[in-house]
Structure formats: structure tokens, C-alpha cells
Amino acid sequence: MGVEEEFLLVTPDGVPYAVAPTVLRLAADLPSDPRPGGDLEKEFKQEQVEVSTHPCTDLDDLLAQVRDGRARTDAVARQAGARIAAMGTAPHVVESTVIPDRRANEIRARFGQTAREQLTCGCHVHVAVADDDEGVHVIDHLRAWNAVLLALSANSPSWLGSATGYASYRSQVWGRWPTAGATAPFGDAATYRAVIAELLRSGTALDDGMIYFDARLSARYPTVEVRVADVSLDPQDAVLQAVLVRALAETAVRTDPDPAPVRAEILRSWTWRAARSGTTGELVSPTTGEPRPAADVVAELVDHVHDALVATGELDWVRARVADVLRRGNGAVQQLAWRAEGADDDAVVRRAADVTLG
């Protein structure tokens with residue numbers, strides 16, 4: 001398993017700052033670091049950067065890489081007069097800037113306002129699979145549980161200077177892309193590839209990098225890439241996403257028959273529910289299709305992957321992390337609590353930057 005995290009670049013005062021080219025150039029000029037993780041990559045906007053870990057089998061190794069990657073990225077950003085903040089959206093009214101790149105400019109021209117407003121930061125989990133058919137089975141199995149992963153990660157309650165009433169407004173903005181969101185069951189790799197080919201032939205996706213399904217086969221690695229989560233304020237919450245995704249994949253491969261074919265229209269409503277209330281209200285139970293308290297539905301997820309977590313020795317850690325998220329709240333709850341204490345947009349971002357580094 002591995003994690004890719006997208007971060008906002010902000011000034012020390014807490015305002016989004018379009019310095020990604022400078023940060024990436026500074027990172028490229030640094031001496032090579034023997035420690036794994038912390039690889040910086042460009043993102044769509046100059047106000048953000050992406051950091052990725054190397055593949056891990058152990059959660060402690062992954063957590064160390066996530067923390068180290070955040071610390072090293074922030075250190076480089078400081079050389080450019082910036083900091084990183086793990087927030088799904090910026091709370092400010094901001095005119096974001098695409099990176100100076102031919103592909104990014106073509107996306108901006110083709111997709112208009114959707115591209116212009118797309119300053120969002122997610123967490124992408126990769127989990128290794130044996131081949132594309134196994135990967136598609138995992139993707140189909142994940143469909144019913146992706147909304148619960150989103151609820152746990154929700155970290156974007158503000159948008160363009162306003163409180164949105166959503167725990168994850170990033171997911172609503174991201175859902176404007178024509179290929180984003182829940183998918184129907186594919187069944188096998190041949191069907192998956194045929195769907196991708198049809199989308200590319202239609203011109204509604206520029207290339208296979210714009211296949212923005214909640215979960216997809218990675219175009220670069222032999223993995224399933226789960227893209228549903230907001231970037232997490234707390235580095236341990238990012239690792240929780242990875243451990244749960246790996247457990248879901250193991251459950252799908254080792255024990256589960258083909259998953260029940262819940263319609264994509266239904267799944268989109270479950271995702272909306274998760275985005276709206278996160279862990280503080282109700283979620284839709286994947287086992288019954290009915291609303292239940294969020295804590296109960298999260299418990300269903302942990303029960304569902306119980307045997308996989310026991311096999312990797314991660315059950316106690318997951319239970320403790322889930323209990324902590326439900327007790328203190330996800331990133332959205334924390335941001336709203338800071339506002340209730342009197343923090344303005346800049347102060348919320350500054351506090352998020354501090355929590356980003358643990």
C-alpha cells in the first residue's frame with residue numbers, strides 16, 4: 001500500500017500562495033535523501049503540491065513516510081516563503097492558477113469553470129493487485145464502502161469564503177468532472193478497459209489520467225487507486241485510509257464472492273450523504289441500504305474487514321484510530337470547532353498547517 005497526498009500551499013499568514021513551480025524546483029535541487037517517501041510532484045494548480053510515499057507493507061513504516069514526507073515538503077515550501085496545509089479546500093475566495101503546463105492549459109480551456117475552480121486536495125490510496133482482473137474485482141467490491149471512507153476523511157467544510165454545510169465540499173466540487181464518482185460494476189478487466197476506451201473516444205476525458213472514478217486501475221502502477229478521500233489533517237488518519245483500503249481489498253480477494261450489484265445512482269446518493277454530514281450525522285448502511293448513525297456504519301466497515309485486519313495485526317490499531325476520529329471528529333469537525341472559537345479564514349489555515357505536521 002502507498003499514499004499520495006495533495007496539500008495547499010499557503011503563506012505564513014494562511015493565504016493560498018501560487019508557488020508550486022518554485023517549491024518543485026527547490027526540491028529538485030536538494031541532495032538526494034536516502035529516506036523513503038516524500039516524493040514531490042506537480043498538481044493541477046500552482047497553489048498545491050502532491051507528495052507520495054513508497055510502497056509499504058507495514059503501517060508503522062507508512063506512517064513514518066507520511067510524517068516525514070509532510071515535514072520535508074513543508075521545509076522546502078518554507079524556502080519559497082510558504083507552508084503546506086492539509087485541507088480539502090481553501091476557505092478563502094481565491095482565483096487559483098493552473099501550472100505552466102500544456103496539458104493543464106488544455107484541461108482549463110476544455111472544461112471551463114470546472115477547471116478554473118478546481119483547487120481541491122485529496123488523498124489517494126494505492127493497494128497492490130496481482131493483475132487487472134483482480135483489480136477490477138477489488139474496485140467492484142469497494143463500491144459499497146467508498147462513502148464510508150469519505151465520511152472518515154471529510155476535511156473541507158468551507159468554499160470560496162462561505163460555510164457550505166458539508167463536511168466534504170471537495171467531493172461536490174470534484175464531482176463536476178464528467179468521469180468522477182461512483183461506477184457500475186465492471187465484472188472483469190476487459191469490460192473496464194472497454195468503458196475507458198469509450199470515455200476517451202467520447203472526448204469527455206482528455207486522457208486516461210482524467211479517469212476520475214472513486215476507485216480505478218492505476219495508469220502507472222500495478223495497483224488499485226482509491227481516490228474518494230479528502231486529504232487528512234492528521235497524518236494517522238491518512239494511514240487509516242490506507243489500512244482500511246488494503247483490508248477491503250484483501251477481503252474482496254480472499255473471502256468475498258462477487259459483490260451485490262448496487263446501482264451507481266444509489267451509490268451516488270450514499271456518497272452525497274457522507275459528504276454532507278461526515279461522521280456527525282447518519283450514513284447509509286452498505287449492508288441494509290438504510291440510514292444509521294455514522295458510528296454504527298463505520299463499525300460495520302471494521303466488522304466487514306475484521307479477518308483481514310487480524311491477519312495483518314492491525315485490528316487493535318484500526319479500532320483505536322476509528323474511536324479517536326469519532327471522538328474528536330474528522331478534519332471538518334476540527335475546522336468548524338476552530339471557527340466556533342473565533343478563528344477567521346487565515347487563522348483556520350494556520351492551525352491546519354500546524355496540525356498537518358502533527
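A brief look at the structure comes next. Not measured: the values here are computed from a predicted model.

## Comments concerning the overall build of the protein chain
Okay, so step 1: Counting secondary structure elements, the protein chain contains 14 helices and 11 strands.
Okay, so step 2: Computed over C-alpha atoms, the radius of gyration of the protein chain comes to 19 Å, within 12% of the 21 Å expected from 2.2 N^0.38 for 358 residues, which places it in the range of a compact globule.
Okay, so step 3: Expressed as lengths along the three principal axes of its C-alpha atoms, the size of the protein chain is roughly 50 × 45 × 40 Å.
Okay, so step 4: Looking at the 358 residues of the protein chain, the share that counts as buried comes to 56%.
Okay, so step 5: Relative to all contacts within the protein chain whose residues are 6 or more apart in sequence, the contacts with residues 24 or more apart total 76%.
Okay, so step 6: As displayed, the protein chain has an accessible area near 14,500 Å², and 51% of this comes from carbon and sulfur atoms.

## Observations concerning the side chain of Asn330
Okay, so step 1: As for its placement among the helices and strands, Asn330 is situated in the loop between helix H12 (315–328) and helix H13 (331–340).
Okay, so step 2: On the basis of relative accessible area, Asn330 is assigned to the buried category, the value being 1%.
Okay, so step 3: Within polar-contact distance, the side chain of Asn330 engages the backbone oxygen of Ala151 at 2.9 Å.
Okay, so step 4: Ignoring anything within four residues of it in the chain, the contact list for Asn330 reads Ala151, Leu152, Ala154, Gly278, Thr279 and Val325.

## With respect to helix H3 (residues 102–116)
Residue pairs spaced three or four apart in an α-helix point in one direction, given the helix's 3.6 residues per turn.
Okay, so step 1: Helix length check: H3, at 15 residues, gives a terminal C-alpha distance of 15 Å against a target of 21 Å (1.5 Å per residue), a shortfall beyond 12%.
Okay, so step 2: Maximum bend of H3: about 100°, positioned at Arg110.
Okay, so step 3: Within H3 the residues assigned to the buried category are Ala104, Ile107, Phe111, Gly112, Thr114 and Ala115.
Okay, so step 4: N-capping of H3 is provided by Asp101, with a side-chain oxygen placed 2.9 Å from the backbone N of Arg103.

## Here's the deal with the nonpolar core
Okay, so step 1: Val224 and Val318 are the most contacted members of the largest nonpolar core, which has 83 residues in total.
Okay, so step 2: Broken down by element, the residue count for this core peaks at 11 residues, all from helix H8 (residues 235–254).
Okay, so step 3: Here Val224 is in contact with Val125, His126, Val127, Val129, Gly135, Val138, Ile139, Leu142, Arg216 and Leu217, once residues within four sequence places are set aside.
Okay, so step 4: Of all hydrophobic cores here, the second largest spans 29 residues; its members include Phe7, Met87, Cys121 and Ala347.

## Here we look at the pairing of strand E1 (residues 2–10)
Okay, so step 1: When you tally the buried positions in E1, you get nine out of nine residues, the bulk of the element.
Okay, so step 2: Of the two faces of E1, the one carrying Gly2, Glu4, Glu6, Leu8 and Val10 and the one carrying Val3, Glu5, Phe7 and Leu9 are both buried.
Okay, so step 3: Taken together, the four bridges between E1 and strand E5 (residues 122–128) define a ladder with antiparallel strand orientation. Counterpart to Glu4 in the pairing with E5 is His124.
Okay, so step 4: Relative to strand E3 (residues 48–52), E1 runs antiparallel, the two sharing five bridges. Each bridged residue has a counterpart across the sheet, and for Phe7 the counterpart in E3 is Val49.
Okay, so step 5: Pairing of E1 with strand E4 (residues 83–85) involves three bridges; the strand directions are antiparallel. Looking across to E4, one finds that Val10 is bridged to Arg83.

## Some points on H8
Okay, so step 1: In a regular helix each residue adds 1.5 Å, so 20 residues correspond to 28 Å; H8 covers 29 Å between its end C-alpha atoms and thus fits that length.
Okay, so step 2: Here H8 starts with a cap whose side-chain oxygen sits 2.7 Å from the backbone nitrogen of Gln236, and that cap is Asp234.

## What about the packing of helix H5 (residues 146–153) against helix H9 (residues 264–277)?
Okay, so step 1: In contact at an axis separation of 8 Å, H5 and H9 are set at 10° when each is read in the N-to-C sense. It follows that H5 is roughly parallel to H9 by the angle criterion. The residues of H9 that touch H5, namely those facing Ala147, Leu150 and Ala151, are Trp270, Thr271, Ala274 and Ala275.
Okay, so step 2: Taken together, the residues that form the contact of H5 with H9 break down as six nonpolar, one polar and no charged.

## Some remarks on the pairing of E5
Okay, so step 1: Within E5, six of the seven residues are buried, leaving the element largely enclosed by the surrounding structure.
Okay, so step 2: Of the strand pairs in this sheet, E5 and strand E9 (residues 223–230) are connected by six bridges, and their pairing is antiparallel. The residue bridging Ala128 from the neighbouring strand is Thr223, located in E9.

## Things to note about the packing of helix H2 (residues 59–79) against H8
Okay, so step 1: Viewed as axis vectors pointing N to C, H2 and H8 meet at an angle of 135°, and their least axial separation amounts to 9 Å. Relative to H8, the element H2 lies oblique. With respect to the hand of their crossing, H2 and H8 are arranged in right-handed fashion. Here H2 contributes Leu59, Leu62, Leu63, Val66, Arg67 and Arg70 to the contact with H8, which in turn contributes Pro235, Gln236, Ala238, Val239, Ala242 and Val243.

## Comments concerning the environment of Val322
Okay, so step 1: Tracing the backbone shows Val322 in helix H12.
Okay, so step 2: Residues Val322 and Ala295, 27 residues apart in the sequence, show an inter-C-alpha distance of 9.0 Å.
Okay, so step 3: Look past the residues within four positions of Val322 in its chain and what remains in contact with it is Leu240, Val298 and Val302.

## Focus on unusual backbone geometry
Okay, so step 1: For Leu160, which is not glycine, the phi dihedral falls at a positive 50°.
Okay, so step 2: On the accessibility criterion, Leu160 (33% relative accessible area) is partly exposed.

Conventions and cut-offs
- Residues numbered from 1 in each chain as written.
- Predicted model: local features only at pLDDT ≥ 70, side-chain atom pairs only at ≥ 80, totals over all residues.
- Heavy atoms only, no water.
- Helix = DSSP H or I, 4+ residues; strand = E, 2+ residues; numbered from the N terminus.
- Rg over C-alpha atoms; globule rule 2.2 N^0.38 Å.
- Buried < 20%, exposed > 50% of the residue type's maximum accessible area, 1.4 Å probe, protein only.
- Contact = heavy atoms within 4.5 Å.
- Areas by Shrake-Rupley, 256 points an atom, 1.4 Å probe, with all protein chains shown as cover.
- Polar contact = N/O pair within 3.5 Å; in protein donor to acceptor, adjacent residues only side chain to side chain.
- Expected span 1.5 Å × (residues − 1).
- Bend = angle between axes of the 7 residues up to and from the residue.
- Core = buried A, V, L, I, M, F, W, Y, C linked by side-chain atoms within 4.5 Å.
- Pairing = 2+ DSSP bridges.
- Axes fitted to C-alpha atoms, helices over the stretch in contact; angles between N-to-C directions.
- Parallel < 35°, antiparallel > 145°, perpendicular 65-115°, else oblique.
- Nonpolar A, V, L, I, M, F, W, Y, C, P; charged D, E, K, R; others polar.
- Left-handed = near helix turned anticlockwise from the far one by under 90°.

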